[in-house]
Amino acid sequence: MATPAVADHHAATIVVAADGTGDHATVQAAVDAVPSGNKRPVTILVRKGTYRQQVVIPADKPHISLVGDTRDPREVVLTFDVSASTPKPDGSGTYGTSGSASYVISAPDFTARNLTFENAYDEAAHGNSQAVAVRTTGDRQVYENVRFIGNQDTLYANTPSATTVARQYFRDCYVEGDVDFIFGRATAVFDNCVIKALNRGSADNNGYVTAASTELSNPYGFLIYRSHLTSNAPARTVHLGRPWPAGGSATARGQVLVRESWLGQQIKDAPWTDMSGLNWREARLSEYRNHGPGATVNDDRPQLTAEQAAAFTPERYLAGSDGWNPVRRHHPRPEPNRLGREVLLRDDGWAAATTGTTGGSAARPENVHVVSTRAQLRAALGDPADNTPKIIYLKGGIDADTSDSGAPLTCADYAVNGYSLPAYLAAYDPAVWGRTSVPSGPLEDARRASYNKMAQHVTVAIGSNVTIVGLGRDAALKSFGLRISNADNVIVRNLTITDTSDCFPQWDPTDGAEGNWNASFDNVEVSGSTHVWLDHNTLNDGDNPDSGQPSYFGRPFQVHDGLLDVVRGSNYVTLSWNHLSGHDKVTLIGNTDNPARYGEADKLKVTLHHNYFEGLGQRAPRVRFGQVHVYNNYYTGGATHGYSIGVGFGSKVYAESNAFDGIAAAKVLTVFGGTAITAEDNLVDGVPTDLVGAYNAANGTTLGADAGWTPSPHTRIHPAKALKALVPAGAGAGRKIA
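So, here is what we can say about the structure in this document. Not measured: the values here are computed from a predicted model. (Residues numbered from 1 in each chain as written. Predicted model: local features only at pLDDT ≥ 70, side-chain atom pairs only at ≥ 80, totals over all residues. Heavy atoms only, no water.)

Things to note about the nonpolar core
Inference 1: Ile 462, Ile 484, Ile 645, Leu 669 and Ile 677 are the most contacted members of the largest nonpolar core, which totals 80 residues.
Inference 2: No other element matches the 6 residues that helix α10 (residues 442–458) contributes to this core.
Inference 3: When near neighbours in sequence (up to four residues on either side) are disregarded, Leu 669 contacts Tyr 643, Ile 645, Ile 677, Leu 691, Val 692, Tyr 695 and Leu 703.
Inference 4: Of all hydrophobic cores here, the second largest spans 59 residues; its members include Val 76, Leu 155, Ala 186 and Phe 190. (Core = buried A, V, L, I, M, F, W, Y, C linked by side-chain atoms within 4.5 Å. Buried < 20%, exposed > 50% of the residue type's maximum accessible area, 1.4 Å probe, protein only. Helix = DSSP H or I, 4+ residues; strand = E, 2+ residues; numbered from the N terminus. Contact = heavy atoms within 4.5 Å.)

Given below as structure tokens:
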């Protein structure tokens, strides 16, 4: 259907639909319908679909908004697929870098929203080459909730000439590529964006995020602000950028500032490098207050001071001479529950230290998932090395002991290589095997292989920048082992995590005087990770308590290990308002007395507050090395109680304002090589009690009463006498959201 000139419309909206139901079938046709010299806002609304066409939006057509018809930018894809080396159809040569652009947007006062711009050139099939998704040269351009997809030279943020300035604001965007995939001489601000470096398969160099060619006369080039730089590339293989002397310019000295952003493991320790004979140190490349596993400070990473950073804000970059200010703070996105966007409050324990814990709160709409099956959960988590921010809402109960089709699985389904429990018992009965060595041989190998098969099926790995939240009161993970391993910035809230049981525990006759059965699954394990917040979760053994297990060789057949362990040099962890019950070995903080093994002497900083420890056996928590603050927790005793807080080797525990009911004062603490603990304002059966004094009196020891540090004064502490009512009523899943 033909459309009259936009000037004849009172409501200036042009609809593009590939199926012919709109005003035009192509974006270029809609652009052509806008008159040159247009002075009024015009919206080109693009309906769902993929539109393959090179498009030019010229400089003489300002005030255009190119908008996808849905909030999901994946549903409106604007694409083409030529590279710089692709021959032109007319035989006049190759397209060149600028000519490869799927979209050239030169118009000033342009806006794009809810779209994907793509260059679909296939490097694998045709070889590496520059292939631009969008080339921008217009001033005062805004891109919001837009995806830019390509490989080399994805986004060419440029100006009409070396002597002009063009300002472009990218908000809540996603940019993907590998080599120089944000490049040019524009003044461009990337605000709350996800910038993903693709893995090129190299062991040492997987590309460059930026290649700025900012002219010396322009103080402002690229600002990456409060964004997430992610990748699935190996650690220390991606550069933040290199300065590009575009066209051999003698006055191009690229300016890039990466500030207050999360940098993934892919970023090199020396992240800037030379280009085309221009030494990176002669350019203007710097950082300010970044965090994440790829963030560090050294001589190869220039850092701004706070005073300098005040002149390099998004507003200062974009103001120009006309005071343009498109910057606005982030609006709520419609989701099943806003809990997924919540972050840890300032001063809420150790996880709030340094950069704080925000989890997946920056997730783009396409990375927000609602899952109700094991397969959906695994798909939503994806590769843990791909640290793109994600929010995962878990609906209902999910059982790990189910196949991909949902069929239930039993221990027999995991057994391989002829393993069976009767055969294992017969082979390693102490009367046959003895008590001086751990099992070995074919049946032990079969047990281990069976365990490995089960572990692969029931274990889920959680990577960096992830929030997992249960929807409602019945969100539960049964039989899963959650592993937060070598990750940063993770939030898990409002989940019941139950019965992580091991079908294949190992018999060890050398463990203790009588031997022990040892299981190897924890409900949750935080291993080698930083900035982790676990809040309002319920952890227990469900309908499979250890008390219901048989005994073999005179020892309980133990199918559960820890409920919630924090180990292998993890740091900055807050455990709050969780309900842990009906279990023996609860929480290890640190899993070795060897200070060199994980370098834990200045790690394992953990806060436990307002947790309900009900009827537990031991380790609530047991601490090695860690500077651990234990406050406002409520403990109740039970038949299997051995001790509550273990003062382990090198530990520095500060326990204050906790309440213990049904637990003997002398049994609150025990010592595993530790020398001191600070314990203040604690109650035992409602009575103020000196826990250290009670332990020393019962054991004839001299445990010290000063751990050597004091927690932050900002911590809000309830009086211990209030905990008996406060904590059971508020702790656990389903207490936070209805």
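Back to the text.
Points about the side chain of Lys 61
Inference 1: When you line up the elements, Lys 61 lands in the loop between β4 (55–57) and β5 (64–68).
Inference 2: One buried charged residue, Lys 61, forms no salt bridge at all, with the nearest opposite charge on Asp 32 at 4.5 Å. (Lys, Arg positive; Asp, Glu negative; His and termini not counted. Salt bridge = Lys/Arg side-chain N within 4 Å of Asp/Glu carboxyl O.)

Brief notes about empty space enclosed by the protein
Inference 1: Applying the stated rule across the entire model yields 2 cavities of 30 Å³ or more.
Inference 2: The computed volume of the largest cavity comes to approximately 60 Å³.
Inference 3: As for the largest cavity, its lining consists of Phe 613, Gly 615, Leu 616, Gly 617, Gln 618, Ala 620, Tyr 635, Thr 636, His 641, Tyr 643, Ser 644 and Ile 663.
Inference 4: Of the volumes computed, that of the second largest cavity is approximately 30 Å³.
Inference 5: Lining the second largest cavity are Leu 564, Leu 575, Asn 578, Leu 580, Thr 587, Leu 608, Asn 611 and Phe 613.
Inference 6: For the lining of the second largest cavity, the class distribution of residues is 5 nonpolar, 3 polar and no charged. (1 Å grid on protein atoms, 1.4 Å probe; cavity = no way out; pocket = protein on both sides within 12 Å on 5 of 7 lines; lining within 4 Å. Points joined across faces, edges and corners; volume = space filled by probe spheres on them. Nonpolar A, V, L, I, M, F, W, Y, C, P; charged D, E, K, R; others polar.)

Here we look at the packing of aromatic side chains
Inference 1: Throughout the structure, instances matching the rule amount to 34 aromatic pairs.
Inference 2: For the ring pair Phe 117 and Phe 148, a centre distance of 5.8 Å and an interplane angle of 25° mean the geometry is stacked. Of the two residues, Phe 117 is situated in strand β8 (residues 111–119) and Phe 148 in strand β10 (residues 141–149); the sequence distance between them amounts to 31 residues.
Inference 3: The exposure class assigned to Phe 117 is buried, which follows from its relative accessible area of 0%. (Phe/Tyr/Trp six-rings, centres within 6.5 Å; stacked < 30°, edge-to-face > 60°.)

Brief notes about α10
Inference 1: Between the first and last C-alpha of α10 there are 24 Å, a value that for 17 residues agrees with the 24 Å anticipated at 1.5 Å per step.
Inference 2: For α10, the complete set of buried residues consists of Leu 443, Glu 444, Ala 446, Arg 447, Ser 450, Tyr 451, Met 454, Ala 455, His 457 and Val 458. (Expected span 1.5 Å × (residues − 1).)

Description of the pairing of strand β42 (residues 606–609)
Inference 1: Neither face of β42 is left uncovered, since the one carrying Val 606 and Leu 608 and the one carrying Thr 607 and His 609 both have all their residues buried.
Inference 2: Across 4 bridges, strand β39 (residues 571–576) lies against β42 in parallel orientation. Bridge pairing links Thr 574 to Thr 607 in β42.
Inference 3: As judged from the 4 bridges shared by β42 and strand β45 (residues 627–631), these two strands associate in the parallel manner. Each bridged residue has a counterpart across the sheet, and for His 609 the counterpart in β45 is Tyr 631. (Pairing = 2+ DSSP bridges.)

A closer look at the sheet that holds strand β9 (residues 134–136)
Inference 1: The 7 strands are arranged β4-β7-β9-β11-β14-β17-β20 in an open sheet whose pairing can be described as parallel. Two strands in the sheet have a free side with no partner beyond their single neighbour: β4 and β20 (239–241). Strand-to-strand twist in this sheet, taken as the mean axis angle between neighbours without regard to direction, amounts to 15°.
Inference 2: In this structure, strand β11 (residues 155–157) lies alongside strand β14 (residues 179–184), joined through 2 bridges in parallel fashion. Bridge assignment links Tyr 156 to a residue of β14, and that residue is Phe 183. (Axes fitted to C-alpha atoms, helices over the stretch in contact; angles between N-to-C directions.)

Structural notes on the state of the cysteines
Inference 1: Under the defined criterion, the tally for this structure stands at 1 disulfide.
Inference 2: Counting only cysteine sulfurs, Cys 193 is the nearest neighbor of Cys 173, a cysteine outside any disulfide, at a range of 4.6 Å.
Inference 3: The exposure class of Cys 173 is buried, given its relative accessible area of 1%. (Disulfide = S-S within 2.5 Å.)

Brief notes about the environment of Ala 112
Inference 1: Relative to the elements of secondary structure, Ala 112 occurs in strand β8.
Inference 2: Excluding its chain neighbours within four sequence positions, the residues that come into contact with Ala 112 are Leu 66, Phe 117, Val 142, Tyr 143, Glu 144 and Val 146.

Remarks on the pattern of salt bridges
Inference 1: Summed over the entire model, instances satisfying the criterion amount to 31 salt bridges.
Inference 2: Between Arg 236 and Asp 269 there is a salt bridge, with its nearest N and O atoms 3.1 Å apart. Here Arg 236 is found in the loop between β19 (228–231) and β20, whereas its partner Asp 269 is found in the loop between β22 (262–263) and β23 (284–288), with 33 residues between them in sequence.
Inference 3: Using a relative accessible area of 33% as the deciding quantity, one classes Arg 236 as partly exposed.
Inference 4: Looking at Asp 269, the relative accessible area reads 40%, which means it is partly exposed.
Inference 5: The network of salt bridges with common partners includes Asp 109, Asp 139, Arg 140, Arg 167 and Asp 322.

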